[in-house]
Structures are given as C-alpha cells and as structure tokens.
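Breakdown of the fold
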Amino acid sequence: MAAQEIDNSTTWGKELWDQFDNIATHTQKGIDFIERFGGFIRDRSAIEVEYALKLRRLVKNYQPKKSKEDEENEFSSLIAFKNVLKEVADLAGQREVVAENLQNQVLQGILLLAKNLREERKKALNQGASLTQSLHTQIGTLDRAKRSYEKAFREAEKAIESYHKADADFHLSRADVEKQRVNMNIRNSQSEDAKSEYANQLQITNKQQQQHYQIALPEVFNRLQELDEKRTRGMKEFIKRSADVEYEVSPIIAHCLEGIVKAADSINEKDDSMIVIEKYQSGFQPPGDIPFEDLSKPDPDAANNSQTHNSSTGLNHMTGKGTTKDKLKKRVGIFGIFTGNKKILEACINVKNNLSTDGLKEDFSDLPPTQRRKKLTAKVQELQQKVAQEQAASDGLMKMKGVYEANSMLGDPRTVEEQLNESVNRLDRLRHELLRYQKLLEQANNQSFIQHSPQSNRVIQNGQRSSRHSNGSSNHENSHEDNGEDHPDDAGSLSRSASESSVQQAQNGLNINNNGSSASPESGLGTSHTSLPGSGQGSTNEQPMNEEFYEADTPLGTCRALYPFDATSEGSIPMSEGEELQVIEVDQGDGWTRVRRFSSKGWEEGFVPTSYIECTLYA
C-alpha cells in the first residue's frame with residue numbers, strides 16, 4: 001500500500017496538472033524515438049543480410065576447384081581450408097538467422113507498439129482537449145455572468161443615488177421622486193438577479209474546475225503517463241530481445257569457430273610433404289659423375305661412328321664452322337620425314353589413338369616409373385571393382401534365368417538371355433583388360449629403375465648439346481647403324497626409347513611400354529606436336545640428326561612462345577609469351593628445342609620446352 005501511495009503521489013495528473021502541452025510534446029517525442037529505434041533495427045538487419053550474402057560470395061569465390069587427382073591426394077592444408085569455408089558458410093547462415101529474428105521478433109513488435117501508442121495518445125489528447133474546452137466555456141459563461149452582475153450593480157447604485165438626490169430636491173414634484181424610486185427598485189432587482197446568476201455560474205465553474213483538475217484531466221495525464229511508461233518498457237524489452245537473438249545463435253557461432261580451430265589443428269606439414277613425394281616421385285636415380293673427356297686423345301668410338309655414317313650415307317662432313325650445299329640438302333631431306341615415311345606417320349597416329357581421356361597413354365608409359373606404377377595400381381583396382389560388380393550382375397541374371405526356367409509362370413527366361421549374354425561379353429572384356437594391366441603392373445614392378453633423368457644427362461659443351469648413355473657406351477648405337485637404322489646422338493634418351501617401344505608394341509597390338517617418361521614441359525621427357533615424328537627411327541636413306549649437320553649461324557625455322565618460361569636449369573633460357581625466336585635444333589624426342597634470340601647482350605642460345613612454343617620450320 002505504501003508503494004502504491006508513493007506511486008499515486010508522483011503521478012503526472014497531480015504533479016503536471018498544468019503541463020498539458022508539454023506532456024503532449026513529450027509523448028510525441030517518445031513515440032518518434034521508439035520508431036527511430038525500429039529504423040535502427042531495420043538497418044541492422046539489412047547489414048546482417050548483406051554481411052551473410054558477402055560471406056557466402058566469399059566462400060563461393062574461394063572454393064577450390066574439384067580435381068580427381070586432388071581428391072586422391074589432398075593436402076591436409078587444403079582439407080582444412082575446405083572445412084574453414086564450410087564453417088564460414090555456417091556463420092553466414094547464422095547471420096541470416098539473426099537478421100530474420102530481428103525483423104520478425106523485434107522490428108515488427110516495435111512498429112506495432114508505436115502504432116498502438118500513437119492511437120492511444122491521440123484519444124487521450126482529444127479527451128484532454130475536450131475537457132479543457134468545456135472548462136474554458138464554463139469560465140467564459142462565468143465571466144459573462146460576472147460582467148452582467150457588475151453592470152447591474154453599478155446601474156442599481158446609480159439609481160439609488162438618483163433617487164436620493166430627487167428626494168432631497170424640493171423643487172421636484174412628487175411624481176418625479178416616485179419615478180426615481182421605482183427606477184431604483186427595478187435596478188436593485190436586476191442587480192440581485194445578476195448577482196444570483198453570477199453566484200450560480202461561479203458555483204458551477206468551481207465545481208467543474210475542481211472536477212477537471214482533480215479527476216478528469218489527471219485521468220488523461222495518467223493515461224499518457226502509462227502510455228509513455230509502456231513505450232519505455234517496450235524499449236527495454238526490445239533491446240533485450242535483440243541481445244537474446246544474438247545469444248540464441250552464439251552457441252552455433254562458437255561451434256563454427258571451434259570447427260575452424262579444429263580444421264587448423266588438423267593441418268600436418270609432414271603428411272603434406274609425404275603427399276608431395278607420393279605425387280611427384282619419378283623413381284629415377286640421381287645422375288652419376290660426369291666423366292672427364294680428354295680432347296688430346298683420339299676417340300675411337302667417335303671415329304668408328306663417323307666412318308659408319310660416311311659409309312652408309314656417302315657424305316663428307318665438315319668439321320669446321322662452315323657448311324656446304326650438301327649439308328643444306330641433307331637438312332631438307334631430314335624434314336622430308338613428315339611426308340616421306342608413311343610407316344612412321346601411321347605409327348605416330350596409333351600412339352595418339354592410345355592416349356586416354358586425361359591426355360596420358362593407356363599404359364601410362366609417358367609417366368615416370370613411380371607415377372606409372374601408381375597409375376597402373378589404381379587402374380588394376382578400378383578394373384577389379386568393375387569385374388566384381390559385373391560378376392555379381394551376371395550371377396543375378398543367371399539366378400533369375402534359373403528361376404524362370406523352373407517356373408515359367410514367373411517370367412520368360414529368354415527375356416534375360418540377351419542381357420546375360422551382354423553381361424558375359426562385358427565381363428570377358430573387363431577380365432581381358434584387367435589381365436593386360438596386371439601384366440603391365442608386373443612388368444613395371446620387375447623393372448630396374450636405375451636410370452637418370454634425361455635433362456640431367458644433357459651437357460652443354462662449347463654451345464653444342466650432347467646427351468650420352470649413363471654408362472658412356474656407344475656400341476649399341478653402332479650396332480643399330482650397321483643394320484641401316486637411324487638414331488640421334490642422344491641415343492640414351494629415355495623418352496625416345498619409350499616412344500620407339502610404344503610405337504613398335506602398338507603395331508604388335510600389345511600397347512605395353514616398359515619405360516615411363518614425364519609429360520611435364522620442363523622434365524625434358526615429354527613430346528609435343530612440334531617434335532619431329534620418327535626422329536628416332538628412320539629409313540636407310542635418311543640421315544641421323546646429329547649436330548654436325550647444322551651450322552650454328554643457320555636457323556632451321558622460327559618459333560613463337562605460347563607461354564612464358566623461366567629458365568631454372570643449366571642450358572635453358574627464359575622467354576616471354578609471344579616472343580619470336582630462331583629454331584637452331586629441333587626436338588630430339590626429349591621435349592626440348594634449342595633456340596636462339598638476339599638481346600642487348602648479343603645472340604643467346606639455349607633450350608626451351610617444346611610444348612611451350614609453336615614452330616614454323618623452313619621448307
């Protein structure tokens with residue numbers, strides 16, 4: 001009760017009985033303020049929606065592209081980054097939840113409260129204005145009654161004074177005195193009536209004024225006070241509700257942040273390093289020591305090779321820097337391989353047809369040994385799964401056929417006979433292909449991979465290129481020349497031997513290659529469309545493409561760089577995209593072309609990846 005009395009003693013109706021206009025202004029400002037708070041919530045919701053949208057766009061823009069190779073060997077850092085993107089997408093979803101709840105639970109409540117407050121205030125103000133107008137009207141009536149009473153009282157006093165003067169004047173007749181007395185009585189009567197009316201209006205006005213300021217108007221002010229307090233309570237509740245919206249999603253946001261931390265903890269640099277080894281290990285052995293070549297001693301092998309070449313071709317080679325017309329003619333003859341040797345072209349076409357959809361050969365012979373074994377193992381596993389699936393399907397069809405034969409009411413066995421035949425044929429093909437790849441894998445596992453990477457065997461000597469066997473032997477080369485076969489000077493090139501074996505085996509229908517090579521442009525093992533087909537195997541009338549046939553100052557053609565290249569190994573030169581260079585030596589089957597260009601330092605020569613250039617050779 002005491003608290004209620006204190007509340008009643010501090011009401012607007014009692015304390016602010018004469019502040020109607022100020023109360024009206026205050027309540028209007030309060031409603032405007034809560035509507036402004038609603039605008040704040042609306043703008044904040046828009047920012048939350050925009051933030052969520054930008055987070056989702058960010059996740060989409062930085063989503064790693066899917067690759068079959070990456071899925072097989074995914075780095076822990078890449079997996080962690082994908083998990084981080086997933087958690088950020090969840091964070092975006094929670095921001096959308098915050099925006100939705102702010103709009104539905106806070107903003108809508110604010111707008112509804114402001115609307116109700118505005119209507120209640122209007123009713124209260126209209127009632128207060130009506131009460132005030134009624135009081136003012138009554139006060140005006142009282143003022144008029146008072147003025148009438150004052151006028152009648154003055155006229156009555158004047159009539160009394162006139163009567164006394166007439167009664168004291170002996171010159172006036174009795175009739176004149178009686179006239180003044182009658183007039184006096186009339187004025188006194190009018191004054192009394194006016195006085196009674198004034199007293200009556202005063203009583204009515206005082207009663208109405210008391211009712212107005214003690215009951216009617218305080219009720220209006222108290223309603224406005226309650227309205228304003230309702231607005232204030234609503235403001236309090238909506239602010240707390242906006243915080244509760246954040247609290248509701250904070251556990252999920254915390255879980256997302258924990259997921260990001262967990263993704264970071266899952267990164268293992270050692271495992272990623274092992275994946276790099278597994279992904280790029282070639283299986284080649286590092287190159288051995290480069291033997292010392294004593295130029296003062298004659299090289300019997302070189303002399304034998306020179307004699308063999310001279311006897312088989314009938315040409316006299318010059319050892320100096322100059323050249324002869326015979327050399328130019330023989331150079332033209334070399335380029336005649338494109339049109340003259342139909343067998344080699346057909347073999348190259350067969351090799352191209354043996355390429356798989358991912359650009360690799362079906363037997364993966366163009367890959368390094370380790371990568372080839374890895375691909376063959378994966379292929380064998382894939383075929384084993386397909387064989388198991390097809391075997392299960394065939395067994396199901398066999399059972400279905402047996403059921404149909406046992407009970408013809410269930411179905412016609414001839415309906416599944418065609419499907420069974422197709423399944424058996426597919427199973428035979430899969431088994432044949434599985435056996436083929438198992439043999440390839442067995443051969444790859446039984447191979448001795450003590451080989452050197454071709455680009456490590458390249459030695460730059462006096463601006464000329466020479467590639468040799470790791471054992472330095474040339475007897476094998478001479479034996480082939482005695483048989484009328486043509487081989488380049490780098491007879492130990494792995495890519496050349498690989499391409500020859502793949503061509504020969506493709507012609508025999510085996511498609512088996514025991515020597516893998518890398519397809520990377522910088523590995524020195526790949527081939528390209530600009531390489532000379534058949535450069536490692538020619539007819540008896542064609543000459544080997546040795547450096548002695550080419551003069552250093554005579555280009556074989558021009559080439560244009562398709563991609564920029566940074567020289568990272570000895571003997572190579574950098575080039576920029578679109579740069580024009582001179583071709584000094586064509587690709588010998590190892591994926592590199594020797595070019596020359598003019599720079600501020602003069603003429604520069606070196607090797608560039610064949611797959612990085614587009615060549616135009618002279619006719």
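Presented here is a report on the structure given in the accompanying data block. Every chain is numbered independently, its residues counted from 1 as its sequence is written. Local features in this predicted model are restricted to residues whose pLDDT is 70 or higher, and side-chain atom pairs enter the listing and the counts only when it is 80 or higher, whereas totals over whole chains, interfaces and linings include all residues. Water and hydrogen atoms play no part in the side-chain values, which are based on all heavy atoms of the structure.

1. Details of the sheet that holds strand β3 (residues 557-561)
Pairing between strands requires that DSSP locate at least two bridges from one strand to the other. Each helix is a run of DSSP H or I of at least 4 residues and each strand a run of E of at least 2, with the numbering of both proceeding from the N terminus. Taken in spatial order, the five strands line up as β6-β5-β4-β3-β7 in an open sheet, and their pairing is antiparallel. With partners counted over all chains shown, the strands left at the sheet margins are β6 (602-609) and β7 (613-617), one partner each. Each adjacent strand pair in this sheet contributes to an overall mean axis angle of 35°, direction not counted. Across four bridges, the pairing between β3 and strand β4 (residues 580-585) is antiparallel. By the bridge assignment, cysteine 559 is partnered in β4 with leucine 581. Axis angles are defined between N-to-C directions and span 0 to 180 degrees, where every axis is a line fitted to C-alpha atoms and, for a helix, only to the segment in contact.

2. A word on the packing of aromatic side chains
Aromatic ring pairs are described here by two measures, namely the spacing of the ring centres and the angle between the planes. Paired rings are identified among Phe, Tyr and Trp, the last through its six-membered ring, by centres lying within 6.5 Å, and are further divided according to the angle between planes into stacked (under 30 degrees), edge-to-face (over 60) and tilted (the rest). For the structure on display, the rule yields nine aromatic pairs. Ring plane angle 70° and centroid distance 6.1 Å describe the contact between phenylalanine 565 and tryptophan 592, whose orientation is recorded as edge-to-face. Taken together, the residues phenylalanine 565 in the loop between β3 and β4 and tryptophan 592 in strand β5 (residues 592-599) connect sequence positions 27 residues apart. In this structure, phenylalanine 565 and tryptophan 592 share a single accessibility class: buried. Between phenylalanine 565 and tyrosine 612, the ring centres sit 5.8 Å apart and the planes meet at 85°, which makes this aromatic pair edge-to-face. Taken together, the positions of phenylalanine 565 in the loop between β3 and β4 and tyrosine 612 in the loop between β6 and β7 put the pair 47 residues apart, joining distant regions of the chain. With a relative accessible area of 2%, phenylalanine 565 lands in the buried category. We call a residue buried when its accessible area falls under 20% of the maximum for its residue type, exposed when it is over 50%, and partly exposed in between, using a 1.4 Å probe and counting protein chains only.

3. Some details on the packing of helix α3 (residues 20-61) against helix α5 (residues 76-168)
Contact geometry for α3 and α5: axes closest at 8 Å, N-to-C directions at 165°. In this view, α3 runs roughly antiparallel relative to α5, as classed from their interaxial angle. Pair α3 / α5 crosses with left-handed handedness. Under the scheme applied here, ten amino acids are nonpolar (Ala, Val, Leu, Ile, Met, Phe, Trp, Tyr, Cys and Pro), four are charged (Asp, Glu, Lys and Arg), and all others, including Gly, are polar. Classifying every residue of the contact of α3 with α5 by side-chain character gives 27 nonpolar, seven polar and 10 charged. Note on terminology: angles under 35 degrees are roughly parallel, angles over 145 are roughly antiparallel, angles of 65 to 115 are roughly perpendicular, and the others are oblique. It is the rotation of the near helix from the far one that decides the hand of a crossing: anticlockwise by less than a right angle makes it left-handed, clockwise makes it right-handed.

4. A short note on the nonpolar core
Ile34, Phe37, Ile41, Leu102, Val106, Ile110 and Phe238 are the most contacted members of the largest nonpolar core, which totals 20 residues. The element contributing the most residues to this core is α5, with nine residues. Each residue touching leucine 102, except ones within four places of it in the same chain, is listed here: Ile41, Arg44, Ser45, Leu107, Ser242 and Val245. Residues grouped as a nonpolar core are buried Ala, Val, Leu, Ile, Met, Phe, Trp, Tyr and Cys residues, joined through side-chain atoms within 4.5 Å. In this structure, Met575, Leu581, Val608 and Tyr612 belong to the second largest nonpolar core, which totals 15 residues. The contact definition used throughout considers only heavy atoms, calling two residues in contact when any of these lie within 4.5 Å.

5. Examining the pairing of β6
In terms of strand pairing, β5 meets β6 through eight bridges, oriented antiparallel. The residue bridging arginine 597 from the neighbouring strand is glutamate 604, located in β6. Turn length for the β5-β6 hairpin, with the two strands adjacent in sequence and antiparallel, is two residues.

6. Comments concerning α5
With 93 residues, α5 should cover 138 Å at 1.5 Å per step; its first-to-last C-alpha distance of 133 Å lies within 8% of that length. The largest bend in α5 comes to about 35°, at glutamine 103. By definition here, a helix of n residues has an expected span of 1.5 Å times n minus one. Note that bend, as reported per residue, equals the angle between axes fitted to the 7 residues terminating at that residue and the 7 residues originating from it.

7. Description of the environment of serine 130
Structurally, the position occupied by serine 130 is in helix α5. Residue classification places serine 130 among the partly exposed residues on the basis of a relative accessible area of 48%. A sequence separation of 87 residues divides serine 130 from leucine 217, and the C-alpha atoms of the two residues are 10.0 Å apart.

Just distances and angles here, no functional claims.
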